[in-house]
Amino acid sequence: MSNRRVAPGPPFRWLDMQTVREFAGNPLDFVDRMVREYGPVVRLRLGIQPALLVAAPALVHEILVTKHHSFAKEPRAKRIIRDMAGAGTIASEGDIWFRHRRIIQKGFAPERMENYAEVIVEHATRRVTKWADGATIDVTAEMAAMSLEIVAKSMLGIELTGRAASIHEHANNLSQAALEEFAAIAPLPDWLPIPSKRRKRASFRALEQLIQSVIDQRRQSETDHGDMLSILLSATDESPDGQLLTDRQAIDETLTLLHAGYDSTAAALAWTWYLLARHPEWAAAARDEADHVLGTRPAKLSDLDALETCQQIVKETLRLYPPAWMMMVRHAVENVTIGDFDVARGTWIYLSPWATHRSERYFPAPLTFDPDRFSAERIDEIPEHAYFPFGLGPHRCVGERLAMVEMILTLATVSQQCRLHLVDEHQRVDVELHTAIRPQGRLPMRMETHRK
Ligand code: HEM
């Protein structure tokens, strides 16, 4: 290896348990503090494991795009995700990942998006018309139930109405278990007969059975239901023998899409309502735009480009509260150089959109909610690759378009009909770290209708 710069970081210790404790104790504060104290590339030692925290956009790009072959998903992170969401695309790599990703991409083709947009607007409208004028609603729970219903309908073709809460609980148990395993130095094996492991096994089984029952019904006919499952069940694996996906593979991919598809989107929408309540001028701008573009008719996919303000609000929300705050954990599979730094084989790499998006090196007044940053006039001020809520490179989020369509059309649909106010204007809303970051606890908001 060449004699390049060694990244700065906390004083070196052979066995650094203090860094492990600080990181696990409050990861968001930890990454913020590290980048503030040491700069955008920080050398860490987690116990005896060497690691790098990388917030510099050019280096994030090198790791995820130009030199992605030198980095793989970190095996422990992959196993934890597999236990939560099955052995689907997020937890796989190599040939299997490549083949399955190509299949899933077909499920997000433009002609499918029309159908998904209708599902989104229908569910958003159904939900907002349920809220009575003056009523208090828990926005976090409402957005979770709505997003889950949307993903269940668009991916699996099933209506969850009335069942969303129990499915959400199972998904939540699994993401809670994943979170605890990420934080643990040595996670306990799953077969242990203790309550948390029993809960985890039961929740995994419940979701698996739900999906298996839908697959069983579907295997009896060859109708295309316009959803992702139809693609998965009719797709031939693109290997030379052209196999159909097995039930196991279809279950795993569907479980992955269910988890990945609702939690992050729901969290981002909850933050959107919170930020708009704090910034009424932007809530008014969203309503004006919805009135102007939609009038009283339902939104459709083709309105997306005209809903510029809604787009800017969503993008700025994802900058301040990137749901996948630190999902991009990699490890170096060979000795490699990024920027000026040598990275030894085996080093863990942490990439955190939270740290990059909130650094004043890349975003002036980073903690200010300013959707105008994403206006056509100012967007070029954002440094290249400094904004990556959906990741970059070959593993970039496959559901990005669905998530953006869901957030923008929901924002327009709700703004068309009502305003949401914080019940307690001075309520301090903390961040809860889950697999996505979301508002901690309940987020009670009062609904004020302006339905015509
Ligand atoms: C606001 C919403 C969302 C955010 C912020 C988000 C974020 C991300 C990020 C950062 C990655 C890259 C992880 C990495 O490189 O290790 C990713 C991957 C992925 N996301 Fe999303 N996501 C969102 C919504 C969705 C939706 C709606 C779906 C599907 C219904 C989805 C499915 C996936 C899948 C399958 C992958 C794995 C892609 C691969 O490895 O090839 N996501 N997502």
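Because the structure is a prediction, the values reported are computed rather than measured.

Trainee: Help me understand the coordination of the iron atom of the ligand in this model?
Mentor: Six octahedral donors at a metal ideally form angles of 90 or 180 degrees, and four tetrahedral donors ideally form angles of 109.5 degrees. Protein coordination of the iron atom of the ligand is limited to a single donor, Cys397 (SG), which sits 2.3 Å from the metal. Mapped onto the secondary structure, cysteine 397 falls in the loop between helix H14 (353–357) and helix H15 (400–417).

Trainee: So what exactly am I meant to see when it comes to the site of the ligand here?
Mentor: The environment of the ligand is formed by 26 residues, the closest being Trp97, Arg101, Arg330, His395 and Cys397. Taking lysine 73, its side chain carries an N or O atom lying 3.2 Å from an oxygen atom of the ligand. The separation between an oxygen atom of the ligand and a polar side-chain atom of tryptophan 97 is 2.7 Å. Of all the secondary structure elements, the ones that give two or more residues to the shell around the ligand are helix H5 (94–107), helix H11 (247–278), strand E5 (328–332) and H15. With 5 residues, the single largest contributor to the shell around the ligand is H11. Its residues assigned to classes, the shell around the ligand comprises 16 nonpolar, 7 polar and 3 charged.

Trainee: How should I be thinking about the pattern of salt bridges in this particular structure?
Mentor: Oppositely charged side chains may form a pair once their charged atoms are brought near each other. In this structure the tally under the stated criterion is 31 salt bridges. The salt bridge involving aspartate 83 is made with arginine 79; its shortest N-O contact spans 3.3 Å. Residue aspartate 83 and its partner arginine 79 are both found in helix H4 (residues 75–85); the two are separated by 4 residues, about one turn of the helix. The salt bridge involving arginine 428 is made with aspartate 430; its shortest N-O contact spans 2.8 Å. Residues joined in a network through salt bridges with shared partners are Arg79, Asp83, Glu181, Lys197 and Lys200.

Trainee: Any chance you could explain the sheet that holds strand E4 (residues 136–138) here in plain terms?
Mentor: Hydrogen bonding along the main chain pairs the strands of a sheet, whether they run parallel or antiparallel. Ordered by their spatial adjacency, 3 strands build an open sheet running E4-E12-E9, and the pairing between neighbours is antiparallel. At either end of the open sheet lies a strand with only one pairing partner, and these are E4 and strand E9 (418–422). Sheet twist, expressed as the mean angle between neighbouring strand axes with direction ignored, is 40°. As paired elements, E9 and strand E12 (residues 444–449) share 5 bridges and run antiparallel to each other. Paired with histidine 421 across the bridge in E12 is arginine 446. Packing of helix H7 (residues 139–156) onto the sheet brings it into contact with E4, E9 and E12, and relative to E4 it is tilted by some 60°. Sitting on the sheet, H15 touches E9 and E12, and the angle it makes with E9 is about 95°.

Cut-offs applied
- Residues numbered from 1 in each chain as written.
- Predicted model: local features only at pLDDT ≥ 70, side-chain atom pairs only at ≥ 80, totals over all residues.
- Heavy atoms only, no water.
- Donors = N, O, S within 2.8 Å, 3.2 Å for Na, K, Ca; no water.
- Helix = DSSP H or I, 4+ residues; strand = E, 2+ residues; numbered from the N terminus.
- Near = heavy atom within 4 Å.
- Polar contact = N/O pair within 3.5 Å; in protein donor to acceptor, adjacent residues only side chain to side chain.
- Nonpolar A, V, L, I, M, F, W, Y, C, P; charged D, E, K, R; others polar.
- Salt bridge = Lys/Arg side-chain N within 4 Å of Asp/Glu carboxyl O.
- Pairing = 2+ DSSP bridges.
- Axes fitted to C-alpha atoms, helices over the stretch in contact; angles between N-to-C directions.
- Contact = heavy atoms within 4.5 Å.

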